[in-house]
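# Tertiary structure, described
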Amino acid sequence: QVQLVESGGGLVQAGGSLRLSCAASGITFSINAMGWYRRTPGKQRELVARICSGGNTNYADSVKGRFTILRGNAKNRVYLQMNSLKPEDTAVYYCNVDGSWLGSAYDYWGQGTQVTVSS
């Protein structure tokens, strides 16, 4: 069974830092990219950061210069280093992995971890 488990969320004051971690297991396909998305109550999910297998990254404009996405050496982990946090960063953060195998596409999501930034 494919599982993505996020950790590292919590309550932090504005200007503080958190590091989110995602551990993936049961991956039997070729990973194209891993990323982090977030969702606030009543809002649609949005891309925060994404890293492709070749190392290319992309970020939401709102987090550029503050957040960094990193892949673990074993390729089954992805991290999101969040610095200079703002109240508007408050959301549930979800880990995502997409890949392909024998012409089929795969897309999996974790259960999410809550990040709350107080002012």
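Remember, it's a predicted structure, so these values are computed and weren't measured experimentally.

A separate point is unusual backbone geometry. Even without glycine at this site, S84 takes up a positive phi of about 50 degrees. Position of S84 relative to the elements: it lies in the loop between β8 (77-82) and β9 (91-101). Using a relative accessible area of 41% as the deciding quantity, one classes S84 as partly exposed. Despite not being glycine, L102 has its phi angle at roughly 50 degrees, a positive value. On the secondary structure map, L102 appears in the loop between β9 and β10 (104-109).

With that settled, consider the packing of aromatic side chains. For any pair of aromatic rings, the description consists of the separation of the ring centres together with the inter-plane angle of the planes. Applying the stated criterion across every chain, the model contains three aromatic pairs. Both rings, one in F29 and one in Y108, keep their centres 5.8 Å apart while their planes meet at 10 degrees; by these two values the pair is stacked. Highlighted residues: F29 in the loop between β3 (18-25) and β4 (30-39) and Y108 in strand β10, separated in sequence by 79 residues. For F29, a relative accessible area of 9% gives the class buried. Residues Y37 and W109 carry aromatic rings whose centres are separated by 4.9 Å and whose planes lie at 70 degrees to one another, so their mutual orientation is edge-to-face. Of this pair, Y37 sits in strand β4 while W109 sits in strand β10, placing them 72 residues apart in sequence. An aromatic cluster of three or more residues is present, and its members are F29, Y106 and Y108.

Another point: the sheet that holds β3. Taking strand neighbours across the sheet as the criterion, the four strands line up as β1-β3-β8-β7 in an open arrangement whose pairing is antiparallel. Whereas interior strands pair on both sides, the edge strands pair on one side only; in this sheet they are β1 (3-7) and β7 (67-71). Averaged over all adjacent pairs, the angle separating strand axes in this sheet is 15 degrees, with direction ignored. Pairing geometry for β3 and β8, over six bridges, is antiparallel. If you follow R19 over to β8, its bridge partner there is Q81.

The rules behind each value
- Residues numbered from 1 in each chain as written.
- Predicted model: local features only at pLDDT ≥ 70, side-chain atom pairs only at ≥ 80, totals over all residues.
- Heavy atoms only, no water.
- Helix = DSSP H or I, 4+ residues; strand = E, 2+ residues; numbered from the N terminus.
- Buried < 20%, exposed > 50% of the residue type's maximum accessible area, 1.4 Å probe, protein only.
- Phe/Tyr/Trp six-rings, centres within 6.5 Å; stacked < 30°, edge-to-face > 60°.
- Pairing = 2+ DSSP bridges.
- Axes fitted to C-alpha atoms, helices over the stretch in contact; angles between N-to-C directions.

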